[in-house]
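# What the coordinates show
Listed here are the chains, written in short residue letters.
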Amino acid sequence: MKIEEIKKDRINELHDLLAELAAHHNAVSADFKGDFPRHPIGDVLKNFAESLDEGTSHIAAALEGDRIAGFCKADISEDKGKIDYLIVSEMMQSAYMKNTDSLWKVCERDTIL
């Protein structure tokens, strides 16, 4: 596994992970089944790209070869930051659980910057 910051040209590769997250929320939510995604995934990806262009977000991805197996999106505003998304594909979770801390550290670093 390799962790690296991704740029706007790879944003569309996050689609399946966002769809998987929506499906997970629909499966486990007691009160909001069927509510996800709340915004079309294409719109979310467009917002991701705009945030990268503006420099208000950074996205670190866990790569398995060329495939994005998970990602962390950190948003930055002035001197404050927050983790907006932290997703690891369910299929890859068991393989990456021992490395989740590494992905978290990349997100934490980018949030502090």
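Read on for an overview of the structure. (Residues numbered from 1 in each chain as written. Predicted model: local features only at pLDDT ≥ 70, side-chain atom pairs only at ≥ 80, totals over all residues. Heavy atoms only, no water.)

## Structural notes on the pairing of strand β3 (residues 67-77)
Put simply, the rule is: Here the term buried applies to any residue with accessible area under 20% of the maximum for its type, exposed to any over 50%, and partly exposed to those in between, with areas from a 1.4 Å probe on protein chains only. Helix and strand assignments come from DSSP, with helices taken as H or I runs of at least 4 residues and strands as E runs of at least 2, each series counted from the N terminus. Pairing between two strands is assigned when DSSP locates at least 2 bridges connecting them.
By the criterion of burial, β3 is predominantly enclosed, with nine of the eleven residues buried. Inspection of the sheet shows strand β2 (residues 57-64) paired to β3 by eight bridges, in the antiparallel sense. Directly across from I59, in β3, lies its bridge partner K73. In textbook terms, the turn of a hairpin is the stretch between consecutive antiparallel strands, and for β2 and β3 this stretch comprises two residues, one of which, G65, has a positive phi near 65°. The hairpin turn running from β3 into strand β4 (residues 80-88), its antiparallel successor, is two residues long, and E78 in that turn takes a positive phi close to 55°.

## Concerning unusual backbone geometry
The backbone phi angle of E78 is positive, close to 55°, even though this residue is not glycine. Among the structural elements, E78 can be located in the loop between β3 and β4.

## Quick notes on the environment of S51
Note the following rule: Residues count as neighbours in contact if any of their non-hydrogen atoms are within 4.5 Å of one another.
Position of S51 among the secondary structure elements: in helix α2 (residues 41-54). Residue class for S51 comes out buried when judged on its relative accessible area of 15%. Once the C-alpha coordinates of S51 and K8 are considered, the two residues, 43 residues apart in sequence, prove to be 9.4 Å apart. In this structure, S51 is in contact with T56 and S57, ignoring residues within four places of it in sequence.

## Quick word on the nonpolar core
This is how it is decided: Working definition of a nonpolar core: buried Ala, Val, Leu, Ile, Met, Phe, Trp, Tyr and Cys residues. They are joined through side-chain atoms within 4.5 Å.
I11, L14, L18, F48, I59 and F71 are the most contacted members of the largest nonpolar core, which has 17 residues in total. Secondary-structure elements contributing two or more residues to this core are α1 (15-28), α2, β2 and β3. Tallying contributions element by element places α2 first for this core, with six residues. Dropping the residues within four chain positions of it, I59 is found in contact with E4, E5, I6, I11, L14, F48, L52, F71, C72 and K73.

## Here's the deal with the sheet that holds strand β1 (residues 2-6)
The strands that make up a sheet pair up through hydrogen bonds in the backbone, lying either parallel or antiparallel. Selection criterion: What counts as an axis is a line fitted to C-alpha atoms, over the stretch in contact for a helix, and the angles between N-to-C directions run from 0 to 180 degrees.
With respect to topology, four strands assemble into an open sheet ordered β1-β2-β3-β4, the strand pairing being antiparallel. Because the sheet does not close on itself, it has two edges, and the strands there are β1 and β4. Ignoring which end each strand starts from, the neighbouring axes of this sheet average 20° apart. Pairing geometry for β1 and β2, over five bridges, is antiparallel. The residue of β2 that forms the bridge with E5 is A60. Lying over the sheet, α2 contacts β1, β2, β3 and β4, oriented at roughly 115° with respect to β2.

## Digging into the packing of aromatic side chains
Stated formally: Two rings from Phe, Tyr or Trp (for Trp, the six-membered ring) form a pair when their centres are within 6.5 Å of each other. A pair whose planes differ by under 30 degrees is stacked, one over 60 is edge-to-face, and the rest are tilted.
This model, assessed by the stated rule, comprises three aromatic pairs. With 6.1 Å between their ring centres and 70° between their planes, F48 and F71 make a pair best called edge-to-face. Taken together, the residues F48 in helix α2 and F71 in strand β3 connect sequence positions 23 residues apart. Here F48 matches F71 in class, with each residue buried. Residues F48 and Y85 carry aromatic rings whose centres are separated by 5.2 Å and whose planes lie at 70° to one another, so their mutual orientation is edge-to-face. You can see F48 sitting in helix α2 and its partner Y85 sitting in strand β4, a full 37 residues away along the chain.

Everything listed is a geometric property; what it means functionally is a separate question.
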